[in-house]
Number of protein chains: 2
Amino acid sequence: MNDKKNPENGTGLGRRRFINSAALAGMSLGALACTDKSGTAVAPAASGAAPAPAAHTGGASNASHLKPGELDTYYGLWSGGHTGDMRVLGLPSGREITRIPCFVPDALVGWGHTNESKKVMGTRADGNLKFSVADTHHVHASYKDGNYDGRYAWINDKINSRIARIRLDYFVCDKITELPNVQGFHGIFPDKADPVDPKINYTTRVFCGAEFSIPLPNTVGSDDGKTYHSLFTCVDAESMDVRWQVLIDGNCDLTATSYDGKLAATNQYNTEMGVHYEDMMSAERDACLFFNIARIEEAVKAGKFKTYGDSKVPVVDGTRDANKDAKTALTAYVSVPKNPHGVNASPDAKYFICAGKLSPTGTVIELAKVLDYFDGKLESADKAIVAEVELGLGPLHTAFDGRGNAYTTLFLDSQVVKWNLDAAIKFHAGDKSAKYVVDRIDVQYQPGHLNASQSETRAADGKYLAVGCKFSKDRFLPVGPLHPENEQLIDISGDKMVLLADHPVRGEPHDFIIFKRELLSPKQVYNLDDFPNAVKDPKDSGVFRKGNKVEVRMTSQAPAFSLREFKLKKGDIVTLTLTNLDKIEDLTHGFAIPKHNINFIVNPQETASVTFVADKPGVYWCYCTHFCHALHLEMRTRMIVEA
Amino acid sequence: MNDKKNPENGTGLGRRRFINSAALAGMSLGALACTDKSGTAVAPAASGAAPAPAAHTGGASNASHLKPGELDTYYGLWSGGHTGDMRVLGLPSGREITRIPCFVPDALVGWGHTNESKKVMGTRADGNLKFSVADTHHVHASYKDGNYDGRYAWINDKINSRIARIRLDYFVCDKITELPNVQGFHGIFPDKADPVDPKINYTTRVFCGAEFSIPLPNTVGSDDGKTYHSLFTCVDAESMDVRWQVLIDGNCDLTATSYDGKLAATNQYNTEMGVHYEDMMSAERDACLFFNIARIEEAVKAGKFKTYGDSKVPVVDGTRDANKDAKTALTAYVSVPKNPHGVNASPDAKYFICAGKLSPTGTVIELAKVLDYFDGKLESADKAIVAEVELGLGPLHTAFDGRGNAYTTLFLDSQVVKWNLDAAIKFHAGDKSAKYVVDRIDVQYQPGHLNASQSETRAADGKYLAVGCKFSKDRFLPVGPLHPENEQLIDISGDKMVLLADHPVRGEPHDFIIFKRELLSPKQVYNLDDFPNAVKDPKDSGVFRKGNKVEVRMTSQAPAFSLREFKLKKGDIVTLTLTNLDKIEDLTHGFAIPKHNINFIVNPQETASVTFVADKPGVYWCYCTHFCHALHLEMRTRMIVEA
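As the structure is a prediction and not an experimental result, all values here were calculated from the model.

Peer 1: Is there a simple way to think about helix 6 (residues 293-301) of chain B in this case?
Peer 2: Because the α-helix completes a turn every 3.6 residues, residues three or four places apart line up on one side. Residues and elements named next belong to chain B. Those residues of helix 6 not exposed but buried are Ile293, Ala294, Arg295, Ile296, Ala299 and Val300. On its buried face, helix 6 is in contact with strand 9 (205-212), strand 11 (242-248), strand 13 (263-268), strand 14 (285-292), strand 15 (315-317) and helix 7 (367-374). Of the residues one or two after helix 6, Gly303 is the one with positive phi, at around 80 degrees.

In structure tokens:
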């Protein structure tokens, strides 16, 4: 394999050295890859004109434009980036069908305003939300038999190291867990099977990589980076409790899991443990770090763990020094070139691919060989590398078509490269006639994540590829200094990739998954009995007072609330509970109280409540904010607060 | 005109009576128009299958599908409904290019988190935001010479009676004003010229209609609806101060303005001043209420006004009793049938159209005749009505094509009806051979607002019609109980309307405007000098302490912040100011502080600041949340808080 022992002697050195200096040059030149002036040598696709779209649009076997009334054939679950929510798209149209609030309040549904959602989000002692910003990156869904099973999706918040679970029956967030002992929780991936019990052929764990290293516990403001550490975390898919953590050398970034449940991995871009960027990129090779899940859980069971600070979570030792003997090791560090970004599992269940970011290479690691290493059958973990081939400048993430091809984003080249895994392995083994690069397509511009339909399942179908381009520049009408990003849809059903459509999006989608619509069966109406505080009969409506603690209970049925008015006294602490007794699909009501900062919705058969202080005497027209009926404007009730 | 004096004897009685009872039936049946069981007689388009889309898609001269890289030809400014923001669309693609936060915090940009945005939004004494929910309905932009001039747009918040102004150079909100003395601020429209000074041929006022009636001042919890009042409000377009208000009989709803600046109007659906819905719909006719702007401003100047409570805003008397003499009247009440919803100005500047909602009629009011009324030349204000014709069930809003045709949404029929104004006037005058209905098209389902390209300007071009359908039902992949709404795009360039596309949207767009892209010239990079707190040179970075009040000042230039770390002491009250010195278009940085609930962005050459308490000792990796560079992941700074 190239560059392993002595990277100075490997192929591709010129390009790698070049990127290294280019990346540094970027520091003085501003965004290297996005300046028209400095970019000519480094990022020709970005600095020149885009290729004429017409040349790319002929001959597609897939189309993205649906006729009115036609349904999409795929769901897309998209990270909302620093909007802090999850987006749900229909594909191939690219239409955003809904957004699911989780980490950040949402004024439309009342997320972060109702008592029920505040309980999920978490509050401080004063009742206010603990956090109201977030930075979501990666969305992944629960598996069964190597395909999505439509139960759950998970999403990370990098700012506050939280993981949220989305129920895919109702498309709502039902649990949020804050990870202890870590900062910069970034990569996330559910397991696909249990490493030990073959009957558990579905997701029961979610793995979380933390990017930033900190003192343990993080209670002293130490500036000595040598005392900082990163942890890899396992969360229980059902309870959402943190099961265990692994102390490691270096940091975590993205995360991947094997189909057999035995392995999880994270790529590491800062094995140097630097605290300044030039230190983070000083080594020529970093790593893809593998975790032996069964052994870790045995160690936890055997009590071989520590805890840090107030956290009760068991932390096992996955550092290099503690894991020198492969036969008992919890971890294996496989080296990959310079500051890798991205680790992805191929749908044939054989390989993990790491892309080099500051190296122009993709590294193919064979999972059977990693297991051999853990069995003591491999001289070194690096022997699990079966290919390391040049792909282009700034390779980041990889998707798959189920026909043996990989698709990798090239950030600096502003391209997607399609390459064949078998050919790459042959080339790496010495067959220099093996042409592993199959196709390249320019994208607009600077792509980060990409994903193909069903790519991260055993049912990868090779139809559509979505590419999250970080810069849109001139691709949409100008809307001021904050540009949208550009999500492009590419037809990968043929030999040549064909660009189908540009879709603008507010920053910053990062990662996403695309799967067949048949895999989900969402429910359209809630079950009244699922809400313990439901007002099941309009006759149960009323104002119930205990001192200044007041319960207002009412129902909604278009076009009226069950209480036509209700009276309060100034200073009352009011909990208002509203049940929507309408049963018809799509018949949602809203409830706003002017000047009291209250608005929320109740979907058919849903119950929600809010608590507030009636601190201002006067008349307040509470009204339905969600269009429901010809008499929607007239659907009101008066809150009368007496002095 | 039909039904004016004695509605029982007019034409269309059968249908009107029918709708009245149907609307009441809806109260027990749930959403009348959206139940498959009850809807057969009332809303056939909603209860039956949609017409085959293919039948509608042939022969369109306009297309909605752009090739990759093609730019839209129109901007759309869309209300975000109870998401509380403004959406910016490109048309005909229907792509959402950005969302502009105004009334509600936005975690992506840090709106409601930065000191600069909090100042615009308004805070309580404790520094927290006064409001974090909103319900936006109507977006309208500033005019010059009867067309949009690209300076400003305005949008309302119905929940808290706020009006926000959006600068259309940078696409940001720069001012928010809370209206005094009113509740349920709904309709909004800028004037198009000064009523007196012909040199002022551009917008200087914005008119605001308030829907809910309340005691004046609203400081006593009176339940006696007879003491409640609504006001019509004028806001200064530049200062955003409230200039004056008008006390009226009945309520306000939507708002329209004349091209000559002399008249504004609001439709009134509750002239009964009822507090329960059956009272609000008891009268057979309500009104379109006209305001004589010049006379109102003369009255204010002459000191003929009151004030209420703490408000200093002059309030003139526009009630019927005080305005019986047309020659001096400030207001004119023109009657229109039952609970009208919508008032729209035709692009030929001649007419306002009111739709009946609970009457199947559209009423055409000639503005020259309203001016005649104010001049004492018309026997009664109702004589200004030049047509009142049946359109279909549940007519709401009207758009125009600049070729003499109007397009009105029929909520209950789930249709758009195209009708000719001249033919309607002839029919109303007695020519029963005049066929005023030109075309009808089914929409999916229950349309509220609609608008055509350039419809509300003198440059109406009759190309595209967007229709905001309140229910989407089966038109998109299911996403749980909360359905998207359906914004449909219709080609109106030919004789027959042609449905082009369905676009899902989270509730609830309400109103929108569509105009040619040439009318806007947004700026892509800020001016450093526009920010008084800018850190103009990285050398000016640092930590500046006065006791426990600490200023942290730094700059960003990809891929680094000017401070590589900064030290604080536990308990410090920190104001952190960040200037983005990158000058390249689209090169935005973010700044997040883990566990401190801080994230915001700085666009090229922008400065923003946040204030927080460093209450937890430890190391906090502040990082760039907005993708900027190949070394974006490495773009960090350490906040070290010493115990």
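Let us keep going from here.
Peer 1: What am I meant to see in the UniProt feature "domain: Cytochrome oxidase subunit II copper A binding" (unreviewed entry) in chain A here?
Peer 2: On the UniProt side, "domain: Cytochrome oxidase subunit II copper A binding" (unreviewed entry) is annotated at positions that read residues 545-643 of chain A here. Summarising residues 545-643 of chain A: 0% helix, 59% strand, and an end-to-end C-alpha distance of 17 Å.

Peer 1: Which parts of the structure should I look at to understand the relation of the copies chain B and chain A?
Peer 2: Copy one and copy two of the chain differ by a rotation about an axis and a translation along that axis. The two copies are related by a screw operation: chain B maps onto chain A through 180 degrees of rotation and 0.0 Å of translation along the axis, at an RMSD of 0.0 Å. Classification of the inter-copy transformation places it as that of a two-fold axis. By C-alpha distance to the rotation axis, the residue of chain B lying nearest is B:His65, at 3.4 Å. Both copies present the same face, since 100% of the interface residues in chain B are matched by interface residues at the equivalent positions in chain A.

Peer 1: Can you walk me through the packing of aromatic side chains in this structure?
Peer 2: Within a pair of aromatic rings, the relevant descriptors are the distance that separates the centres and the angle that separates the planes. Residue and element names in this part refer to chain A. Enumeration over the complete set of coordinates arrives at 44 aromatic pairs over all chains. Centroid distance Tyr74 to Tyr464: 5.8 Å. Interplanar angle 80 degrees. Geometry classified as edge-to-face. In this pair, Tyr74 sits in strand 1 (residues 74-79) while Tyr464 sits in strand 26 (residues 464-469), placing the two residues 390 residues apart along the sequence. Judged on exposure class, the residue Tyr74 and its partner Tyr464 are both buried. The interplanar angle of 10 degrees and the centroid separation of 4.2 Å between the aromatic rings of Trp78 and Phe512 together place this pair among those described as stacked. One end of the pair, Trp78, is in strand 1; the other, Phe512, is in strand 29 (residues 512-516), and 434 residues separate them in sequence. You can call Trp78 buried: its relative accessible area is 1%. Three or more aromatic residues joined by ring pairs form one cluster here, namely Tyr75, Tyr143, Tyr148, Phe171, Phe189 and Phe515. Over the ring of Tyr259 we find Lys192, and its NZ or CZ is 4.2 Å from the ring centre. One Lys or Arg, Lys473, reaches over the ring of Tyr445 and ends 5.3 Å from the middle of that ring.

Peer 1: Honestly, helix 6 (residues 293-301) of chain A in this entry has me stumped. Any pointers?
Peer 2: The element helix 6 of chain A is extensively covered by neighbouring structure, given that 7 of its 9 residues are classed as buried. Residues of helix 6 of chain A that are buried include every one of A:Ile293, A:Ala294, A:Arg295, A:Ile296, A:Glu297, A:Ala299 and A:Val300, and no others.

Peer 1: Is there a simple way to think about the pattern of salt bridges in this case?
Peer 2: Residue and element names in this part refer to chain A. Across all of its chains, the model carries 74 salt bridges over all chains by this definition. For Lys377, the salt bridge identified is with Asp375, shortest N-O distance 4.0 Å. Owing to a relative accessible area of 61%, Lys377 belongs among the exposed residues under this scheme. Overlapping salt bridges, with partners in common, bring together Asp191, Asp194, Arg205, Asp236, Arg243 and Glu297 in one network.

Peer 1: For this particular structure, what's the right way to read the interface of chain B and chain A?
Peer 2: How big an interface is tends to be expressed through the accessible area that disappears when the partners come together. Contacts between the two partners involve 155 residues from chain B, matched on the other side by 155 residues from chain A. Summed over both partners, the interface of chain B with chain A comes to about 13,100 Å²; 60% of that surface belongs to carbon and sulfur atoms. The interface formed by chain B and chain A contains 10 salt bridges. Of the charged contacts in the structure, one is a salt bridge between A:Lys595 and B:Glu178, with a shortest N-O distance of 2.8 Å. On inspection of chain B and its partner chain A, the count reaches 62 residue pairs in polar contact (both at pLDDT 80 or more). Considering every element that reaches the side of chain B that touches chain A, the biggest residue donor is strand 3 (residues 95-101) of chain B, with 6 residues. Counted by class, the side of chain B that touches chain A contains 75 nonpolar, 41 polar and 39 charged residues.

Peer 1: For this particular structure, what's the right way to read the sheet that holds strand 7 (residues 172-178) of chain A?
Peer 2: Sheet strands pair by backbone hydrogen bonding; their relative direction is either parallel or antiparallel. All names here are of chain A. With respect to topology, 4 strands assemble into an open sheet ordered 4-5-6-7, the strand pairing being antiparallel. The open sheet terminates on both sides in strands that have one partner only, identified here as strand 4 (139-144) and strand 7. With direction set aside, neighbouring strand axes in the sheet form an average angle of 30 degrees. As paired elements, strand 4 and strand 5 (residues 147-157) share 5 bridges and run antiparallel to each other. Residue pairing in the sheet places Ala141 in a bridge with Ala153 of strand 5.

Peer 1: When you look at the environment of A:Leu393 in this model, what are you seeing that I'm missing?
Peer 2: Positionally, A:Leu393 belongs in the loop between strand 20 (385-390) and strand 21 (395-400). Counting along the chain gives 223 residues from A:Leu393 to A:Tyr170, while the straight-line C-alpha distance between them is 42 Å.

Peer 1: What am I meant to see in the pairing of strand 7 (residues 172-178) of chain B here?
Peer 2: The two faces of the sheet receive side chains in turn, since in a regular strand these alternate between them. Residues and elements named next belong to chain B. Where strand 6 (residues 162-167) and strand 7 come together, 6 bridges link them in antiparallel fashion. Among the inter-strand pairings, Ile163 is bridged to a residue of strand 7, identified as Thr177. Linking strand 6 back to strand 7 in an antiparallel pair, the connection comprises 4 residues, with Phe171 at a positive phi of about 60 degrees.

Peer 1: Could you clarify how one ought to interpret the sheet that holds strand 8 (residues 183-190) of chain A in this entry?
Peer 2: All names here are of chain A. Taken together, 5 strands build an open sheet; the order of strands is 8-9-10-11-15 and the sheet is mixed. At either margin of the open sheet sits one strand with a lone partner, and together these are strand 8 and strand 15 (315-317). The sheet shows a mean angle of 25 degrees between the axes of neighbouring strands, taken without regard to direction. In terms of strand pairing, strand 10 (residues 230-236) meets strand 11 (residues 242-248) through 6 bridges, oriented antiparallel. Considered in strand 11, the bridge of Phe232 is made with Val246. On the sheet, helix 6 packs against strand 9 (205-212), strand 10, strand 11 and strand 15 and is oriented at approximately 105 degrees with respect to strand 11.

Peer 1: Help me understand the confidence of the model for chain A in this model?
Peer 2: Parts of the prediction with low pLDDT should not have their coordinates interpreted in detail. All names here are of chain A. With 91% of its residues at a pLDDT of 70 or more, chain A has an overall mean of 91. Scored below 50 in pLDDT, residues 1-60 shows 126 contacts in the model against residues more than four places distant or in partner chains. Here the predicted complex carries an ipTM of 0.91, next to a pTM of 0.92.

Peer 1: Sorry if this is basic, but what is going on with the pairing of strand 10 (residues 230-236) of chain B here?
Peer 2: Residues and elements named next belong to chain B. With 7 of 7 residues buried, strand 10 lies mostly within the body of the structure. The alternating pattern of strand 10 places Ser230, Phe232, Cys234 and Asp236 and Leu231, Thr233 and Val235 on opposite faces, both of which are buried. For strand 9 and strand 10, the ladder comprises 5 bridges, and the chain directions are antiparallel. Across the sheet, residue Val206 finds its bridge partner in strand 10, namely Val235.

Peer 1: Looking at this structure, how should I read the environment of A:Phe232?
Peer 2: All names here are of chain A. Within the secondary structure, Phe232 sits in strand 10. Judged by relative accessible area, Phe232 falls into the buried class, the value being 0%. Each C-alpha atom of the pair Phe232 and Asn251 lies 8.8 Å from the other, and the pair is 19 residues apart in sequence. Among all residues touching Phe232, those that are not within four sequence positions of it are Phe207, Cys208, Gly209, Trp244, Gln245, Val246, Cys252, Thr255, Ala264, Thr266 and Phe291.

Peer 1: Explain the side chain of A:Thr203 to me, please; I cannot follow it from the model alone.
Peer 2: Residues and elements named next belong to chain A. Within the fold, Thr203 resides in the loop between strand 8 and strand 9. Under the relative-accessibility criterion, Thr203 is labelled buried at 1%. Only 2.8 Å separates the side chain of Thr203 from the backbone nitrogen of Tyr143, close enough to count as a polar contact. The contact partners of Thr203, leaving out residues within four places of it in the chain, are Ser142, Tyr143, Arg151, Trp154, Pro190, Asp191, Lys192 and Ala237.

What counts and how
- Residues numbered from 1 in each chain as written.
- Chains lettered and ligands numbered in written order.
- Predicted model: local features only at pLDDT ≥ 70, side-chain atom pairs only at ≥ 80, totals over all residues.
- Heavy atoms only, no water.
- Buried < 20%, exposed > 50% of the residue type's maximum accessible area, 1.4 Å probe, protein only.
- Helix = DSSP H or I, 4+ residues; strand = E, 2+ residues; numbered from the N terminus.
- Contact = heavy atoms within 4.5 Å.
- UniProt positions renumbered as here; feature names shortened; annotations may be inferred.
- Least-squares fit on C-alpha atoms with pLDDT ≥ 70 in both.
- Phe/Tyr/Trp six-rings, centres within 6.5 Å; stacked < 30°, edge-to-face > 60°.
- Lys NZ or Arg CZ within 6 Å of the ring centre and 35° of its normal.
- Salt bridge = Lys/Arg side-chain N within 4 Å of Asp/Glu carboxyl O.
- Buried area = accessible area lost by both parts, 1.4 Å probe.
- Polar contact = N/O pair within 3.5 Å; in protein donor to acceptor, adjacent residues only side chain to side chain.
- Nonpolar A, V, L, I, M, F, W, Y, C, P; charged D, E, K, R; others polar.
- Pairing = 2+ DSSP bridges.
- Axes fitted to C-alpha atoms, helices over the stretch in contact; angles between N-to-C directions.
- pLDDT = per-residue confidence, 0-100.

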